[in-house]
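Single-letter residue listing:
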Amino acid sequence: MIAKHRAAYWSPSQAAASLVQLAYLERSLANLLAGWAVKLPSFDAKLAFGMQMHRSMERATYLRSRVNGLCHATASEATVAAGLRSVLSHVDRAQTPARLVAAIYRWLYPRLIALYETHLSETDPDGDRPSIDLIRSFLPSLEKERHEGLSLSSGRAADKPWLRELEELWNRRTAGEPLSLANGLWDPVDRVPAAVRPEGSRFGESGSLGLLPVDPVHDKRDIGMFLHKELDEEFTTLELIARNSYEHPDMPWAFHRDMARQASDEARHAVMISRLLTARGFRHGDFALTTSSYDGIYAFEPCEAGSRRELLWRMLIRQTFMEGLAIDNLGYEIGHRRSVGQTDIAAVFEYILRDEVFHAQSGLRWSQELLGSDPQAVLKERDEAIRYFTARAEAARESFVMNNLDAALGELAAIEAGKQSRGGKLPERPLNRIGRVQAGYTGEDISQIVSWSYAVDDPVAR
Ligand SMILES: [Fe+2]
Ligand SMILES: [Fe+2]
């Protein structure tokens, strides 16, 4: 068959205009998923959102660099119109999770895929070859994501008036002032101080010590409890990190890439921990759930709601403090689990440790960035944040004990029993110096954590 002759293909600036629109849609998609992961009750949806957020952000990054390549020679900038932002911020205002899922997977994905396909058919197959290769590499995962996304919906008929509203805005997407890719997103539409869980979930009470496995090494049910706690940590971290990106669209592009990668890592961790739990006959929800690592690290009285300082405190507490302790803990658990023959747990923890080092590193990097790269300021703010955080936890504890004396005594008995099962000793958390150093903790950062007695630095192990 003789190929049909084509009079003209797109020029480089037309190709750049198409690509910047695609990059904007992908970046916006990552932003929508980041904002909504915590608001969807379904755990499967949270996992899908965490992983897709990362893929969208990466696609946006590749497209952005291609746009820059096409614009560089003429010192031009490709932009999108404010009309496009109006469509996407309207999707973000979906009133229910079902509307959001329909808007993204029934409505937005087909349009996004169609725009990618238009690029393939209109652009110069030789001049714009790199874009074609890029888009061809994206299409299979876009189809897969759309398919997975559709399975998240309840199966009820799509809300027609809602989709019509979106379509009307879509038809006006090229109208309005030009927006650059770097700062063209919309402001967050809400605050979400409490993580949403499936209806009917059972929760541990605020101020209680939560699940207290007595013998998480040998007893099957206690191992299940231990893994269940881990699973809740993975979900709450995914949700918090995603909101950190969503609530601060004006942070640098590289920040959002780091947050998206971490959200996706946490989703993979949750999948791996669920696997371990299932292998032991348990499911998420078999024990009381906790969302304290989201709800308790979302807002702080000394920080203005939505401020950079609030973001800084969230990162200092979750990423540089708690994930630092996770580096220590995992380092210990890996060897210990292996020594008792639990090689499946050890292997999963080895993968998680590798990611945890990156998460702490990213927390250190961005908290330094927010404090003008002043290491003393980081130590001081971390000290203040942790003092506030522990004082608040102690107050919640005190009121729990006052109102639930019997339950509190039961908790103490469980701790005592746990101590007995370890030969009368409380668990010590040995510092994982190599992991900490690889993550970028300075000597002063490490001294700070040791001085707070959260980790024991064994000089022999150095
Ligand atoms: Fe994790
Ligand atoms: Fe993590």
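Given the structure is predicted, the values throughout are model-derived calculations rather than measurements. All chains use their own residue numbering, which begins from 1 and follows the written sequence. Naming scheme: in the order in which they are written, chains are lettered from A and ligands are numbered from 1. Given that the model is predicted, a residue must reach a pLDDT of at least 70 before its local features are reported, and side-chain atom pairs must reach 80 or more before they are shown or counted; all residues, however, enter totals for whole chains, interfaces and linings.

Visitor: Can you help me understand the overall build of the chain in this one?
Guide: Secondary structure elements follow DSSP: runs of H or I of four or more residues count as helices, runs of E of two or more count as strands, with numbering from the N terminus. A count of helical and extended segments in the chain gives 15 helices and 2 strands. Values of the radius of gyration come from C-alpha atoms, whereas the globule rule sets the reference at 2.2 Å times the count of residues to the power 0.38. Over its C-alpha atoms the chain spans a radius of gyration of 24 Å, differing by no more than 12% from the 23 Å that the globule rule assigns to 462 residues. For the chain, the C-alpha atoms occupy an extent of roughly 85 × 50 × 45 Å along the three principal directions. A pair of residues counts as a contact when their C-beta atoms, built from backbone coordinates, are within 7 Å of each other. Sequence-distant contacts in the chain: of pairs separated by 6 or more residues, those separated by 24 or more amount to 81%.

Visitor: Sorry if this is basic, but what is going on with the packing of helix H7 (residues 220-246) against helix H10 (residues 308-339) here?
Guide: Between two packed helices, both the angle of their axes relative to each other and the distance between the axes serve to describe the pair. Where H7 meets H10, the axes come as close as 11 Å, and the angle between the chain directions of the two elements is 150°. The orientation of H7 relative to H10 falls into the category roughly antiparallel. Between H7 and H10 the crossing geometry is left-handed. Across from Thr-237, Leu-240 and Asn-244 in H7, the residues of H10 making contact are Leu-311, Arg-314 and Arg-318. Note that Gly is not counted as nonpolar here; it falls among the polar residues with everything else outside the nonpolar set of Ala, Val, Leu, Ile, Met, Phe, Trp, Tyr, Cys and Pro and the charged set of Asp, Glu, Lys and Arg. Looking at the contact of H7 with H10 residue by residue, the classes come out as 2 nonpolar, 2 polar and 2 charged. Here, axes are lines fitted to C-alpha atoms. For helices the fit covers the stretch in contact, and angles between N-to-C directions go from 0 to 180 degrees. Note that the term roughly parallel is reserved for angles under 35 degrees, roughly antiparallel for angles over 145, roughly perpendicular for angles of 65 to 115, and oblique for everything else. In a left-handed crossing the near helix is turned counterclockwise from the far helix by less than a right angle, and in a right-handed crossing that turn is clockwise.

Visitor: Which parts of the structure should I look at to understand H7?
Guide: Since one α-helical turn is 3.6 residues long, residues separated by three or four positions face the same way. Here H7 contains 27 residues, and its C-alpha end-to-end distance of 39 Å stays within 8% of the 39 Å for a straight helix at 1.5 Å per residue. Burial is judged by counting the other C-beta atoms within 10 Å of a residue's own C-beta: 20 or more makes it buried, 12 or fewer makes it exposed, and any count in between marks it as partly exposed, with every C-beta position built from the backbone. Counting buried positions along H7 yields 23 of 27 residues, so the element is predominantly enclosed. Given a helix with a known number of residues, its expected span is that number minus one, times 1.5 Å.

Visitor: Where do I start with the domain arrangement of the chain in this structure?
Guide: One frequent convention defines the size of an interface as the accessible area lost when the parts assemble. All domain edges in this entry derive from an automatic or database-based domain assignment. Per the domain assignment, the segments making up the chain are domain 1 (12-174) and domain 2 (220-461). Look at where the C-alpha atoms of domain 1 and domain 2 centre, and you get two points 33 Å apart. On the side of domain 2, 20 residues touch domain 1, which itself brings 15 residues to the contact. Elements with a minimum of two residues in the side of domain 1 that touches domain 2: helix H1 (12-36) and helix H2 (43-72). Ranked by residues supplied to the side of domain 1 that touches domain 2, first place goes to H2 with 9 residues. Looking at the side of domain 1 that touches domain 2 residue by residue, the class counts come to 9 nonpolar, 5 polar and 1 charged.

Visitor: For this particular structure, what's the right way to read the environment of Asp-286?
Guide: Tracing the sequence through the fold places Asp-286 in the loop between helix H8 (253-279) and helix H9 (292-295). In this structure, Asp-286 is in contact with Gly-224 and His-228, ignoring residues within four places of it in sequence.

Visitor: When you look at unusual backbone geometry in this model, what are you seeing that I'm missing?
Guide: The bulk of non-glycine residues show a negative phi, and the bulk of peptide bonds are trans. You will see that Ser-373, though not glycine, has its phi angle at about 55°, which is positive. Within the secondary structure, Ser-373 sits in the loop between helix H11 (343-370) and helix H12 (375-403). Given 10 C-beta atoms within 10 Å, Ser-373 falls into the exposed group.

Visitor: Would you take a moment to explain helix H4 (residues 97-122) for this structure?
Guide: Taking 1.5 Å of rise per residue, 26 residues should cover 38 Å, and H4 covers 36 Å from first to last C-alpha, within 8% of that figure. Among all positions in H4, only Leu-100, Val-101, Ala-102, Ala-103, Ile-104, Tyr-105, Leu-108, Tyr-109, Leu-112, Tyr-116 and His-119 are buried.

Visitor: Is there a simple way to think about the packing of H2 against H7 in this case?
Guide: Across the interface, H2 lies against H7 with an axial gap of 11 Å and an inter-helix angle of 50°. Between H2 and H7, the angle is such that the two are oblique. Crossing angle aside, the handedness with which H2 passes H7 is left-handed. Packed against H2, whose contacting residues are Phe-43, Lys-46, Gly-50 and Met-53, the element H7 presents Phe-235, Leu-238, Glu-239 and Ala-242 at the interface. Split by residue class, the contact of H2 with H7 holds 5 nonpolar, 1 polar and 2 charged.

Visitor: Explain the environment of Val-38 here, please?
Guide: Tracing the backbone shows Val-38 in the loop between H1 and H2. By C-beta crowding, Val-38 is classed as buried, having 24 other C-beta atoms within 10 Å. When the C-alpha positions of Val-38 and Tyr-294 are compared, they lie 9.2 Å apart, and in sequence the two are 256 residues distant. With sequence-adjacent residues up to four places away left out, Val-38 is seen in contact with Val-192, Ala-195, Val-196, Glu-239, Ala-242, Arg-243 and Tyr-294.

Visitor: What should I look at first to understand the environment of Pro-193 in this one?
Guide: Considering the arrangement of structural elements, one finds Pro-193 in the loop between strand S2 (178-179) and H7. Sequence separation between Pro-193 and Ser-292 is 99 residues; the distance between their C-alpha atoms is 11 Å. The residues contacting Pro-193, other than those within four sequence positions of it, are Asp-295, Tyr-298 and Ala-299.

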